[in-house]
Amino acid sequence: MTDPDVVVVGSGPNGLAAAVTMARAGLSVRVHEGEATIGGGSRTAETTLPGFRHDVCSAVHPLALASGFFRRFGLAERIELIVPEASYGHPLDTEPAGMAYRDLERTVDDLGVDGAAWRSLMGPLAEHADQVAQFTGSSLLRLPAHPLTAARFGLRSLEQGSRLWNLRFRGVRAPALLSGVAAHSIQPMPSLGTAGAALSLGTYAHGRGWAIPRGGSQSIVDALADDLRAHEGEILTGSPVASLRELGSPRAVLLDTSAAGLARLAGDRLPARYLAALRRFRFGNAVAKVDFALSGPVPWSDPALAQAGTVHVGGTREAIAASEAEVAAGRHPEDPYVLVSQPSGFDPSRAPEGRHVLWAYTHVPADSPLDLTEAITRQIERFAPGFRDLVLASSSRTAVDLENHNPNYVGGDIAAGAATFGQLIRRPTLSLNPWATPAEGVYLCSSSTPPGPGVHGLAGWYAARRALAKEFGITTPPSLAP
């Protein structure tokens, strides 16, 4: 094969976003994917029973409608994105579930005593949701385009990321609702990292909604791959890369790998100081995941939870904080936080008629070998009595299994690097151009670079734009529109 202009290693959303951007600029592009299928963290497969389509990693997509890359790419015009009425819900033992509806005022009314406090916290952000997405969706080492929105976000992060976090609320439901989404970051609570996750994801919940792709997360990467092939790009599956020397002499190489993967593939081209910085990059704790095939919908004690695409299971703010502290201390909690997605309630194509799929994970210490099926089942059963009786089959992946399936998930860390405030600034190193590396023509375009974890394509888009300018002299980004 002749050498293309650009080689991309990895076919996750960021890798394909980079490849699409380069191909749209008129360059020849080749993507290498080590697995038999494309997608990275956005694959969909029948992991339990025939006809039950489960999302292998990502399931619900808060950034599908908020990402600057996906909006330019016209993702919502290419695939169907289902937006549930309630973005997320949070069951409690002694009170009605907290519900984060896309309609902010409905959420305010539902929260009762803390409704006004919720409005004052989330309202100014939700009103400028696209500005929040722009601010949080790039490197934090830059002047924000909308300083007032950035200041509002920052002040609220300081509040919810410190011991001041309980001063705003009087009841139980609102702080639990916020803590459930904060725990996505897999960090001890409260912290700036957990506050940033809660406020950004919560903003998208009220701004544009948390989308579920019809047919599964695979639909997103299939749309990217279709566009790449339409512009003469090439994808090689079952094509693992052990060294950059295997790639010939392209003018640019973009790596959709973890920071550790960059060191492994390009170590002989990187100066010692940069390699040392990569080795200081810290990976976080992990998840253990279970897919369930069900004979019916989850029998939540509070029927309102059926309206939510995502349900955060774990009880009160204090209980979730205690669970996350146990994980941070290297232990498996007795009362774990469980993140649940129930896509077949909104997308009947995921399961045979009358049946359902359920996606769930819990947080565990890095490199955990434990199968958490029973712990997850028990915690869901706590808020949905009879759930266990609906399980037709299940498929479990430990933290170790997740890394074996996707090397970017070091130790089972699905964020490809701890999403602490410090590492959101220094990702993977402290740089105004963190996507470029000291190796000539080599760029990192994974979640180990800004803006960090999530299915958004932004890391790939930013890396591709830098490569276009430096390696090819193309300073005007190409159109990505359908």
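First things first, this report covers the structure right here in the doc. These figures come from a predicted structure and were not determined experimentally. (Residues numbered from 1 in each chain as written. Predicted model: local features only at pLDDT ≥ 70, side-chain atom pairs only at ≥ 80, totals over all residues. Heavy atoms only, no water.)

**Remarks on the pattern of salt bridges**
Evaluated as defined, the whole model comprises 22 salt bridges. Taking the shortest distance from any N to any O, the salt bridge between aspartate 93 and arginine 382 comes out at 2.5 Å. Note that aspartate 93 is positioned in the loop between β6 (86-90) and β7 (98-101) and arginine 382 in helix α14 (residues 373-383), a separation of 289 residues in sequence. Between arginine 331 and glutamate 326 there is a salt bridge, with its nearest N and O atoms 2.9 Å apart. (Salt bridge = Lys/Arg side-chain N within 4 Å of Asp/Glu carboxyl O. Helix = DSSP H or I, 4+ residues; strand = E, 2+ residues; numbered from the N terminus.)

**Section: unusual backbone geometry**
With an omega dihedral of 0°, the bond running from arginine 427 to proline 428 counts as a cis peptide bond. A cis amide bond links proline 450 with the next residue in sequence, proline 451, at an omega value of 5°. Here proline 451 lies in the loop between β16 (442-444) and α18 (458-472). Not every positive phi belongs to a glycine, and aspartate 367 is a case in point at roughly 65°. Its place among the elements puts aspartate 367 in the loop between β14 (356-364) and α14. A relative accessible area of 49% places aspartate 367 in the partly exposed class. (Buried < 20%, exposed > 50% of the residue type's maximum accessible area, 1.4 Å probe, protein only.)

**A word on the packing of aromatic side chains**
Applying the stated criterion across every chain yields a total of eleven aromatic pairs. Centre to centre, the rings of phenylalanine 69 and tryptophan 461 are 6.5 Å apart; their planes meet at 50°, and the pair counts as tilted. Of this pair, phenylalanine 69 sits in helix α2 (residues 68-73) while tryptophan 461 sits in helix α18, placing them 392 residues apart in sequence. Across this residue pair, the class does not change: phenylalanine 69 and tryptophan 461 are buried. Between the aromatic rings of tyrosine 88 and tryptophan 210, the centroid separation amounts to 4.9 Å while the plane-to-plane angle is 25°, which identifies the pairing as stacked. Of the two residues, tyrosine 88 sits in strand β6 while tryptophan 210 sits in the loop between α9 (192-207) and β8 (212-213), which places them 122 residues apart along the sequence. Each member of the pair, tyrosine 88 as well as tryptophan 210, carries the same accessibility label: buried. Here a set of aromatic residues connected by ring pairs shows up, and it is made of Phe69, Phe70, Phe73, Trp435, Trp461 and Tyr462. Its end group placed over the ring of tyrosine 101, arginine 106 keeps NZ or CZ at 3.8 Å from the ring centre. The ring of tryptophan 165 is capped by arginine 317, whose NZ or CZ atom sits 3.9 Å from the centre of that ring. (Phe/Tyr/Trp six-rings, centres within 6.5 Å; stacked < 30°, edge-to-face > 60°. Lys NZ or Arg CZ within 6 Å of the ring centre and 35° of its normal.)

Such coordinate-based values are descriptive only and should not be taken to indicate function.
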